[in-house]
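# Fold and geometry: a report
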Amino acid sequence: MAYTLFIIEIISAFILASTLLYRYGDCYRNHILVTVSVLTAWYFSFVIMFILPLDVSSTVYRQCLQEANATSPSLVVHVNDSSTDPPVPSHCQKPWSYVPNSVFPNLWRVVYWTSQCLTWLIMPMMQSYSKAGDFTVKGKLKSALVDNAIYYGSYLLICGILLIYIALKPGIYLDGSKIKAIASSASNTWGLFLLILLLGYALVEVPRNMWNNSKKNYTLTYSYFKIAKLSTDKCEAEETVDDILDTLNSVMAAVGPGHPLHRHVETIVQKLPIQLRDRLNSRVAPERPTPPSFKSLVNLHKKTIKALHVLQRTETQWGLMLERIFHLEDVASNCRSPDRRFQHTFHTPRPRLQRIFYPPIIEWYWECFIKPYFLKTMAVVTCLLSVAVVWSEVTFFCKKPVLSIFANIVLASKETYNYAAIVSVSTLIIAYMFYCAYSTVLKIRLLNLYYLAPHHQTNEYSLIFSGMMVCRLTPAMCLNFLSLIHMDSHVIKERIMETYYTQIMGHMDVLGIIAEGFNIYFPMLVVLLCLATYLSLGSRLLSLCGFQQFVGDDELTTDLVDEGREIVKREKRKRQRAEESLTRRRDYSERFNYRSARDNDGAHTGLLNDVDSDYYVTPSPERSSNVGSYQRAELPYQEDVDKRFGESTIPTIRTEFDDRRRDKMTMPPRGLFDDV
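The structure contained in this document is the topic of the report that follows. (Residues numbered from 1 in each chain as written. Predicted model: local features only at pLDDT ≥ 70, side-chain atom pairs only at ≥ 80, totals over all residues. Heavy atoms only, no water.)

### What about the side chain of Q317?
Position of Q317 relative to the elements: it lies in helix 9 (residues 294-334). With relative accessibility at 12%, the residue Q317 sits in the buried group. A distance of 2.8 Å separates the side chain of Q317 from the side chain of R313, its partner in a polar contact. (Helix = DSSP H or I, 4+ residues; strand = E, 2+ residues; numbered from the N terminus. Buried < 20%, exposed > 50% of the residue type's maximum accessible area, 1.4 Å probe, protein only. Polar contact = N/O pair within 3.5 Å; in protein donor to acceptor, adjacent residues only side chain to side chain.)

### Overview of unusual backbone geometry
The phi dihedral of H486 falls on the positive side, at around 60°, and the residue is not glycine. Of note in this structure, S536 is not a glycine but carries a positive phi near 55°. For S536, the position within the fold is in the loop between helix 18 (526-534) and helix 19 (537-544). The exposure class assigned to S536 is partly exposed, which follows from its relative accessible area of 23%.

### A closer look at the state of the cysteines
Per the counting criterion, the structure on display carries zero disulfides. Here C335 stays unpaired: no disulfide links it, and the sulfur of C368, its closest cysteine neighbor, is 3.5 Å away. Residue class for C335 comes out partly exposed when judged on its relative accessible area of 31%. (Disulfide = S-S within 2.5 Å.)

### As for the packing of helix 7 (residues 262-270) against helix 9
One way to put it is that helix 7 packs onto helix 9 with a least axis distance of 10 Å and a crossing angle of 10°. Between helix 7 and helix 9, the interaxial angle falls into the category roughly parallel. Counted together, H264, V265, T267 and I268 of helix 7 and F294, L297, L300, H301 and T304 of helix 9 form the full contact between these two elements. Looking at the contact of helix 7 with helix 9 residue by residue, the classes come out as five nonpolar, four polar and no charged. (Axes fitted to C-alpha atoms, helices over the stretch in contact; angles between N-to-C directions. Parallel < 35°, antiparallel > 145°, perpendicular 65-115°, else oblique. Contact = heavy atoms within 4.5 Å. Nonpolar A, V, L, I, M, F, W, Y, C, P; charged D, E, K, R; others polar.)

### What to know about the environment of A132
Positionally, A132 belongs in the loop between helix 3 (103-131) and helix 4 (137-168). Expressed as a C-alpha distance, the spacing of A132 and N299, which sit 167 residues apart in the sequence, is 8.9 Å. Ignoring any residue separated from it by four or fewer positions in sequence, one finds A132 in contact with K140, S143 and I305.

### Structural notes on the packing of aromatic side chains
Summed over all chains, the structure comprises 18 aromatic pairs. The rings of F6, F104, W108, Y500 and Y501 are connected pair by pair, giving a single aromatic cluster. Between the NZ or CZ atom of K234 and the centre of the ring of W318, over which it lies, the distance is 5.3 Å. In this structure, K376 is placed above the aromatic ring of W211, and the distance from its NZ or CZ to the ring centre is 5.5 Å. (Phe/Tyr/Trp six-rings, centres within 6.5 Å; stacked < 30°, edge-to-face > 60°. Lys NZ or Arg CZ within 6 Å of the ring centre and 35° of its normal.)

### Brief notes about the pattern of salt bridges
A complete count under the given rule lists 12 salt bridges for this structure. Between R283 and D246 there is a salt bridge, and its shortest N-O distance comes to 2.1 Å. With R283 in the loop between helix 8 (274-281) and helix 9 and D246 in helix 6 (residues 216-254), this residue pair connects regions lying 37 residues apart in the sequence. You can call R283 partly exposed: its relative accessible area is 26%. We note a salt bridge from R565 to D562, for which the minimum N-O separation is 3.1 Å. Of the two residues, R565 and D562 both sit in helix 20 (residues 555-607), three residues apart, roughly one turn of that helix. Under the relative-accessibility criterion, D562 is labelled partly exposed at 37%. The network of salt bridges with shared partners includes D242, D246, R279 and R283. (Salt bridge = Lys/Arg side-chain N within 4 Å of Asp/Glu carboxyl O.)

### As for a nonpolar patch on the surface
A cluster of nonpolar side chains, contributed by I361, Y365, F369, I370, Y373 and F374, occupies part of the molecular surface with about 600 Å² of accessible area. Tracing the chain through its elements places F369 in helix 11 (residues 360-395). (Patch = residues over 30% accessible without salt bridge, like charges linked within 9 Å, V, L, I, M, F, W, Y side chains within 5 Å. Areas by Shrake-Rupley, 256 points an atom, 1.4 Å probe, with all protein chains shown as cover.)

### Describing the side chain of E329
The residue E329 is located in helix 9 in this model. Its relative accessible area of 16% is what places E329 among the buried residues. Excluding residues that lie within four positions of it along the chain, E329 makes contacts with L220, Y224, V568 and K572.

### A closer look at the nonpolar core
Grouped together as the largest cluster of nonpolar side chains are 96 residues, with contacts concentrated most on F6, I51, W108, L203, L482 and Y501. If you look at the next biggest cluster of nonpolar residues, it comprises 22 residues, including I244, I268, L272 and L297. (Core = buried A, V, L, I, M, F, W, Y, C linked by side-chain atoms within 4.5 Å.)

### Description of the environment of K302
By the secondary structure assignment, K302 is in helix 9. What makes K302 partly exposed here is its relative accessible area of 49%. Along the sequence, K302 and D134 sit 168 residues apart, while their C-alpha atoms lie 7.8 Å from each other. In contact with K302, other than residues within four places in its own chain, are K131 and G133.

In structure tokens form, the structure reads like this:
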């Protein structure tokens, strides 16, 4: 029974990580190494989130045993002995989730150091390798090493200065354990710096977004603004791809089948989707093109990979944003509907269970009546949590009196040995901080190259980036949480029994300026960051500098909203015409089949009425094939519709299986190593 909750938490973390990876990634298209690495990074980060509250409750129990041993020396308590059950004082209640003392240290060593190797060594190399433009394994590895050497050069320089400072400091001797503590503390300090910046933005934006999403008019207006900005990004991405196609057309004209670089050119061409390949083949070759060099082909290959990545991201965002706006417009129109049955503008196939348990009546009540109040309630709850986090970040170093809200909750639960409250509150706080921090990473405009798109539309680069960021943020966030609940002796300046997680992480005692300064006082900046976010100072400053930001009734904002509304009207007309054309084709096909069958029956009845009916009712294969060919010949406008409206109109009238099959046909070749 002792391992029940522990095993449940481990399995829940794996199910959550697998579900998210299935939702955002595509294991059929992505390379197996990318899938396994990202799954491991997400899973180990979720394990830390789920298991750390159990470590906290176990530490409370061990603290009680230690205090009882100190007050009663005759009672010998073997705290670190997992083989025998020590005598337990009557007032120390053993938690239901208690596991032997050797479990947590071994688990934290495996989880922490594996995730650190992934985020600082393996995944950066994979990301650089996948974006390298070289055509051989050796060349890709060399480019990845150079790329990471430039990126980590500053870190190595800082670490070298710190090591020299520590080596020259009297009374301190470097050994393996101290170097390991320095490495983990440096990583956690970097993570804390990034965590506070992200929390300063998200602790305000998460409640405000939920409150704004409850207002239908505001959400629809903001979506119009976003689609207008996204239209600009989409046009820029398409222009970049057109420039690359022009360059590639010249290269193909200069490099013929017998040229030594022809196979490298074919590798670049194979990266293009089918539609872009057709556009490339339809272009007129230039006269007397200059043959490229090998280095220029490598640069062209790298630019092609990046351009296709940006184009795929913008097209995915474009499709998702259009679906969101169409849904918001449907909600606005259905709110005025008297029959209280939700009607969609475009027909979207839904699973059978969804049709049974989520009929149009329930959908209407949820979208038009219940959801706004639910979002407002969640906005109030998250606002209270944000205030509690900010207050605890500012006051967690104060021991007497205890001002941190979370520390008071844990201390009150310790007095009554309410381990369920400790685990529940700790899980809630860590989960909320994790959601605030990580949901902000991919929303920052500077990091707009990376985007997690649902429905299996996230590419490999964004998945690798998400795994790196989760592994870097989670340890620092958990150590910061332990400081908020006064479970870190180096914060409250008191010798207490710490969690096994803190013992494995270690402390950077050799550098007092970080242990006693940065890690304690830097989190106070979250107040200033939250205030700047609440006043939208960053958005207003960017708007003054000429960047497009949603700042209310600004003239530029109004123009973009109007432009987005016109874009949506144009796209809606496209899809409506496409669905009408599809409906006409289907109706014509049904009428033609019915008329053909009726004429055939009449002819056979008049001329062959003395023959058994089974002879002429069953059509022959030749007759069926002829009818099918005639039907295709009578529908020449089917290809015309596809040419006029393109593939952008298809997802609204196709199933998800068809979408994924079409993506497999049009996406670049599967895997990281296909061009080697």
